[in-house]
Amino acid sequence: MWKTRVTKLWQMSKWFVGGGVLSILFYDNIGYVHTVRGKSMAPTLNPGPTRALLRERVWLSKLPYTPHVGDIVVFRSPKHGSKLAMKRIAAVGGETIVPSKVVKSGASAVTIKPGYVWVEADNRDTAGRDSNEYGQLHEKMIVGKVTWLLWPWARIQDLRKTQSPHAVSPQTQSLDESERTELVTESQTS
């Protein structure tokens, strides 16, 4: 009698241990549901109140990929290594960008080093911790790419197809650095 109980207990424990190992492997290598906190990515994410139950949930893919401009990524904070932040990639290695905070101060453009990215918030009014504060972010700091908005149900969407509200238009993308800086200066004065 006690042998059958021990055998059943052993079989159940194998299922629990096996399920736990698979869960950890999935979380570490495939992805997980991530809660969006704060207003820095509004209006794309958390456009309304951000109380705990109303915070949006996204799918964070941890599959290997090459960063591209427009991707929303979660990365380890360069100043607070244990904290995660979510921002949109504004430039990748080899590109030149006029950072949003620089536009306000009138300073020059930044050329991104290979293997690095420049991340910025969609909501520039509340943008705090992005490359304007950290500088260029090494690609190894990226935890994963945000691919889907999962909650609330009414807003489910593929986030791989979204653009920043401040995206560079195709007309200005072909301009060189001096022309783009000139265009930014003109738009600020008008």
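What counts and how
- Residues numbered from 1 in each chain as written.
- Predicted model: local features only at pLDDT ≥ 70, side-chain atom pairs only at ≥ 80, totals over all residues.
- Heavy atoms only, no water.
- Helix = DSSP H or I, 4+ residues; strand = E, 2+ residues; numbered from the N terminus.
- Buried < 20%, exposed > 50% of the residue type's maximum accessible area, 1.4 Å probe, protein only.
- Contact = heavy atoms within 4.5 Å.
- Areas by Shrake-Rupley, 256 points an atom, 1.4 Å probe, with all protein chains shown as cover.
- pLDDT = per-residue confidence, 0-100.
- Salt bridge = Lys/Arg side-chain N within 4 Å of Asp/Glu carboxyl O.
- Polar contact = N/O pair within 3.5 Å; in protein donor to acceptor, adjacent residues only side chain to side chain.

Caption draft 1: Local environment of the overall build of the protein chain. Broken down by element type, the protein chain carries five helices and ten strands. Residues classed as buried in the protein chain amount to 33% of the 190 residues present. Within the protein chain, residue pairs in contact and separated by at least 24 positions form 57% of the contacts whose partners lie at least 6 positions apart. Surface accessibility of the protein chain: about 12,000 Å² in total, with carbon and sulfur atoms responsible for 60%.

Caption draft 2: Structural detail: the side chain of Ser40. In this structure, Ser40 sits in the loop between strand 1 (31-35) and strand 2 (57-61). Filtering out sequence-adjacent residues up to four positions away, Ser40 remains in contact with Met86, Lys87, Ala121, Asp122, Asn123 and Thr126.

Caption draft 3: Highlighting the confidence of the model for the protein chain. The pLDDT averaged across the protein chain works out to 78; a share of 78% of its residues lies at or above 70. pLDDT under 50 marks residues 183-190. Its contacts with residues more than four places away, or in other chains, come to five contacts.

Caption draft 4: Fine view of the pattern of salt bridges. This structure, assessed with the given rule, holds five salt bridges. Among the salt bridges present, the one from Lys79 reaches Glu133, with a minimum N-O distance of 3.5 Å. Taken together, the residues span a long stretch of sequence, with Lys79 in the loop between strand 3 (72-76) and strand 4 (84-92) and Glu133 in helix 3 (residues 131-134) at a distance of 54 residues. On the basis of relative accessible area, Lys79 is assigned to the exposed category, the value being 52%. On the basis of relative accessibility, which here comes to 35%, the residue Glu133 falls in the partly exposed class.

Caption draft 5: Representation of the side chain of Asp158 within the structure. Its place among the elements puts Asp158 in strand 10 (residues 157-158). Separated by 2.9 Å, the side chains of Asp158 and Arg160 make a polar contact. What Asp158 contacts, discounting residues up to four positions off in sequence, is Thr147 and Trp148.

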